[in-house]
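# Survey of secondary and tertiary structure
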Amino acid sequence: AAGQRLHALLSSPLHTHGLEGAWRWVQQQKQAGVFRGEVIGPLGLELKVKRGPHAERLAQNLEQSTWSQLCNFACEFPEDEKLLMDTFKAQGVRSQVVTVPPSAAVPAGDATRFKDYGVLCTLDVVFDAPPLVKKALANTCGLHRTYCTAHDDTDMVRRLMEEHGVRNVYTTDALVTYIASSYGSREDAAVKSTMLYPLRVLGNAAGVDEERKQQLQAQLQQVQHTCAQLDQQVAAKQQQEGPLNQQVEALHQQKQQLAAEVAAAKAKRQKLHSTMKMANIRLAKLEAKPDPLQEAPALQRKIAKALAMHHGALTAQIEAVTAQWELLQQQVVADMSWRELDMQARAMQQALEERKVELRHLQAAAKAALAAEKSAKDAYSRAKDEAAAEHPLNAEARKRFEQMPDDREELQEKIAELEVEVAGIAVNNPRVVEEFLKRKAEIERLAQDLAAQRAQLDTLHAEIEQLKEDWLPKLQEVVGQINTSFAANFAQIGCAGEVLLSQHEDYDKFSIQIKVKFREHEDLQLLTAHRQSGGERSVSTILYLIALQGVTVTPFRVVDEINQGMDPANERKVFVQLVEASCQEGTPQCFLLTPKLLPDLPFTEDITILNIFNGGLISDHVAGQYDRKLLFGSALDQLLQGVPVAG
């Protein structure tokens, strides 16, 4: 019997690769005493199924699993399991190994407490096998919790499941499974019924039931005889059905023709009724009109009155046109006077601007002159101090210095006399005086150049300060506007941001500093490429660009994949702000290029969606693979129907 079951198992669809080799290897290892405890497998070879209807029910549990339990092996210790799994993996065997401790008891089911529901037994009692096999199948298939009945009453089975929590019950020809939702109520549970499958492997374990076979053959013959009688009755009915169908078709056509005639008659009657009604209305209007001959005097009086009113209106219109012409002449004179005054005002404004420029230049020149004067005084003081340090005056020299004249011309004459006296002094080396005079002249020339360069430097500094006073306040005002908008944008997403102008003595080192804070416990941090994450930098960048929209003028803007890397919450908030900023009055056109968008984003009538898969050159097959409703949600349908979408 074991050989028949092994042959049946190897030839069945349940057979896994290398099963026969695995079985032979296990037998060899058992004979060699390699295993620590008992090892059994495949499990299908150890089953002795009792004859009866329960064999098919047992097969439903064991043969129809994703991994057939009949091809599995069982052991008692983890080291034996590891040895088996390593060997099976090396040989490519797909059988599983079930480990059951030797101390574990064999689970036993109790069917007697459900006998009022027609329960006969549990599946663990319909076959015989070693205890290790019984424990392994109970752990993997729950045979001791699967019940068998002898009826097909699904209502009774459902009550058993709902009242006692039973999950699997076998009726005479099906497996009923109770499926309960983990989140819903008991009313949300479902009952699934699965027909029993014929035996494939266990049939060889149970043997052939000849009595059952004869009963099935007799039932088959009876069913075949009944089917033949029904076929004869159907053929007879079909022969009778042909003429009846023809009659029904003829009556249907006649009905349609009569309906068309009735509709035409109703339409004709309605048309005649409308024509008669209009004729009666015209006749009533003609009868209500008075006789024209009797109304002639009254009509003449009305015409004379209308002509008089028309003459008065024309006279008033002529007077109004004349007055309007006089006002136009006065307006032309006033307009010419205004234009002349406007030109004079513009000329005076231009002259004022030129005077302002000249004033700035004069102010710069005055500052330069003051700086040159200060530089000359400083040079004079330094020269005086150096001379006093190198050649200090004694009492006699100071007395002679005080006796010298204060007038510049007298000093120059005195200097000339002294130079003549110096020239008349006999010197051993006559080139010493010439060298002295040459170096003195060079020193004076260098001092003049230095004073001129200092004066020019002071002039340039003054001009720079003047220019700085012109543009720095405006720049600070623009940065302040950007900072206000940037901080408001960050506040809308629950964070904080700040934009500052970093000033420096070197104008090339002026910069814009962006500080952000994405978490409550930290302070504002400078936005860098290393401190913040990629998503945080993307959020900061797009909010800064939105803040720039109020202070820059451009024909259009393009934002490329700025939403990539953002978390969904920030991406949704940033998209709302981008839509609000781009749809305001007077803002330029904005293009957002992105490979994807979140569903159910707010779209307004000012937004146009350009999908690259809906062009004229894209085939319907390719375009149909992308669900626009999945991409844009319900907002797309509202936008296409002309309904404003709340943002």
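Residues numbered from 1 in each chain as written. Predicted model: local features only at pLDDT ≥ 70, side-chain atom pairs only at ≥ 80, totals over all residues. Heavy atoms only, no water.

### Brief notes about the overall build of the protein
- Counting its regular elements, the protein contains 17 helices and 15 strands.
- Per-residue burial over the protein gives 25% buried out of 647 residues.
- Counted over contacts in the protein with a minimum sequence separation of 6, partners at least 24 positions apart contribute 63%.
- Surface summary for the protein: the accessible area is close to 45900 Å², and the carbon and sulfur share equals 56%. (Helix = DSSP H or I, 4+ residues; strand = E, 2+ residues; numbered from the N terminus. Buried < 20%, exposed > 50% of the residue type's maximum accessible area, 1.4 Å probe, protein only. Contact = heavy atoms within 4.5 Å. Areas by Shrake-Rupley, 256 points an atom, 1.4 Å probe, with all protein chains shown as cover.)

### Quick look at the environment of serine 375
- Along the polypeptide, serine 375 turns up in helix H9 (residues 296–390).
- Overall, the relative accessible area of 9% leaves serine 375 in the buried class.
- The sequence separation of serine 375 and alanine 452 amounts to 77 residues, and the corresponding C-alpha distance is 9.5 Å.

### Some details on the sheet that holds strand S13 (residues 525–526)
- On the basis of which strands lie adjacent, the open sheet formed by 3 strands has the order S11-S12-S13 and antiparallel pairing. Of all strands in the sheet, those bounded by a partner on one side alone are strand S11 (496–502) and S13.
- For strand S12 (residues 511–517) and S13, the ladder comprises 2 bridges, and the chain directions are antiparallel. Residue pairing for S13: valine 516 is matched across the bridge by glutamine 525. (Pairing = 2+ DSSP bridges.)

### Some details on the sheet that holds strand S1 (residues 39–40)
- Spatially, the 3 strands line up as an open sheet ordered S1-S3-S4, and their pairing is mixed. Since the sheet does not close on itself, it has two edges, and those belong to S1 and strand S4 (97–99), each with one partner.
- The pairing of S1 with strand S3 (residues 73–75) spans 2 bridges and is antiparallel. The partner of valine 39 across the bridge, within S3, is cysteine 75.
- Along the sheet, helix H2 (residues 19–32) makes contact with S1 and S3, crossing S3 at roughly 25°.
- Docked against the sheet, helix H4 (residues 78–91) engages S1, S3 and S4, running at close to 175° with respect to S4. (Axes fitted to C-alpha atoms, helices over the stretch in contact; angles between N-to-C directions.)

### Focus on the packing of H2 against H4
- At a minimum axis distance of 11 Å, the contact between H2 and H4 shows a crossing angle of 140°. Read as a crossing pair, H2 and H4 show a hand that is right-handed. Only Leu83, Leu84, Thr87, Phe88 and Gln91 of H4 make contact with H2, whose side of the interface consists of Ala22, Trp25 and Val26.
- Considered class by class, the residues forming the contact of H2 with H4 number 6 nonpolar, 2 polar and no charged. (Left-handed = near helix turned anticlockwise from the far one by under 90°. Nonpolar A, V, L, I, M, F, W, Y, C, P; charged D, E, K, R; others polar.)

### Description of the packing of aromatic side chains
- Applying the stated criterion across every chain yields a total of 9 aromatic pairs.
- Between tryptophan 471 and phenylalanine 510, the ring centres sit 6.0 Å apart and the planes meet at 65°, which makes this aromatic pair edge-to-face. Note that tryptophan 471 is positioned in helix H12 (residues 431–492) and phenylalanine 510 in the loop between S11 and S12, a separation of 39 residues in sequence.
- Exposure remark for tryptophan 471: the relative accessible area of 33% places this residue in the partly exposed category.
- Look at phenylalanine 510 and you get buried, because its relative accessible area is 18%.
- Taking 4.8 Å as the distance between ring centres and 50° as the angle between the ring planes, the aromatic pair formed by phenylalanine 486 and phenylalanine 490 counts as tilted. Here phenylalanine 486 and its partner phenylalanine 490 are both found in helix H12, 4 residues apart, which amounts to about one turn of the helix. Summarising the burial analysis for this pair, phenylalanine 486 and phenylalanine 490 share the class buried.
- Put simply, the rings of Phe486, Phe490, Phe518 and Tyr544 pair up and form one aromatic cluster.
- Over the aromatic face of phenylalanine 77 sits the side chain of arginine 36, whose NZ or CZ is 4.0 Å from the ring centroid. (Phe/Tyr/Trp six-rings, centres within 6.5 Å; stacked < 30°, edge-to-face > 60°. Lys NZ or Arg CZ within 6 Å of the ring centre and 35° of its normal.)

### Regarding a nonpolar patch on the surface
- On the surface, Phe401, Met404, Leu411 and Ile415 cluster together into a nonpolar patch covering about 360 Å² of accessible area.
- Residue placement: phenylalanine 401 occurs in helix H10 (residues 395–403). (Patch = residues over 30% accessible without salt bridge, like charges linked within 9 Å, V, L, I, M, F, W, Y side chains within 5 Å. Salt bridge = Lys/Arg side-chain N within 4 Å of Asp/Glu carboxyl O.)

### So, the nonpolar core
- Core analysis: the largest hydrophobic core is formed by 25 residues, its most contacted members being Leu47, Leu58, Leu62, Phe127, Leu137 and Leu143.
- Elements that contribute at least two residues to this core include exactly helix H3 (54–62) and helix H5 (131–141).
- The biggest single contributor to this core is H5, with 5 residues.
- Core analysis: the second largest hydrophobic core is formed by 23 residues, Val539, Ile542, Tyr544 and Ala547 among them. (Core = buried A, V, L, I, M, F, W, Y, C linked by side-chain atoms within 4.5 Å.)

### A few points about the side chain of serine 540
- Relative to the helices and strands, serine 540 resides in helix H13 (residues 534–548).
- Other than its neighbours up to four places away in sequence, serine 540 contacts Phe486, Phe490, Val516, Phe518 and Leu527.

### Let's talk about the packing of H13 against helix H14 (residues 568–582)
- H14 packs onto H13 with a crossing angle of 15° between their chain directions and a minimal axis gap of 10 Å. Taken together, the axis directions place H13 and H14 in an arrangement best described as roughly parallel. Two packed elements cross with a definite hand, and for H13 against H14 that hand is left-handed. Packed against H13, whose contacting residues are Val539, Ile542, Leu543 and Ile546, the element H14 presents Asn570, Val574, Gln577, Leu578 and Ala581 at the interface.
- Of the residues belonging to the contact of H13 with H14, the class tally is 7 nonpolar, 2 polar and no charged. (Parallel < 35°, antiparallel > 145°, perpendicular 65-115°, else oblique.)

### Observations regarding the pattern of salt bridges
- Taken as a whole and judged by the stated rule, the model has 8 salt bridges.
- Lysine 82 is paired through a salt bridge with aspartate 86; the nearest N and O atoms lie 3.0 Å apart. Linking lysine 82 with aspartate 86, this pair stays in helix H4, spanning 4 residues, or about one helical turn.
- By relative accessible area, which is 55% here, lysine 82 ends up exposed.
- The partly exposed category is assigned to aspartate 86, whose relative accessible area is 42%.
- Notably, a salt bridge pairs aspartate 449 with arginine 445, separated by 3.2 Å at the nearest N-O pair. Of this pair, aspartate 449 and arginine 445 both sit in helix H12, 4 residues apart, which is roughly one turn of the helix.
- Of the residues examined, arginine 445 reaches a relative accessible area of 39% and is grouped as partly exposed.

### Some thoughts on the confidence of the model for the protein
- Overall, the predicted model of the protein reaches an average pLDDT of 79, with 83% of residues at or above 70.
- Highest mean pLDDT in the protein belongs to S3 (92); lowest belongs to helix H7 (residues 202–206) (51). (pLDDT = per-residue confidence, 0-100.)

### A word on the side chain of glutamate 76
- With respect to the helices and strands, the residue glutamate 76 is situated in the loop between S3 and H4.
- Among buried Asp, Glu, Lys and Arg side chains, glutamate 76 stands out as unpaired, with lysine 135 the closest opposite charge at 5.3 Å.
- Polar contacts involving the side chain of glutamate 76 include one to the main-chain amide nitrogen of glutamate 38, which spans 3.3 Å.
- Glutamate 76 has contacts with Gly37, Glu38, Thr99, Val100, Pro101, Pro102 and Leu132, leaving out every residue within four places of it along the chain. (Lys, Arg positive; Asp, Glu negative; His and termini not counted. Polar contact = N/O pair within 3.5 Å; in protein donor to acceptor, adjacent residues only side chain to side chain.)

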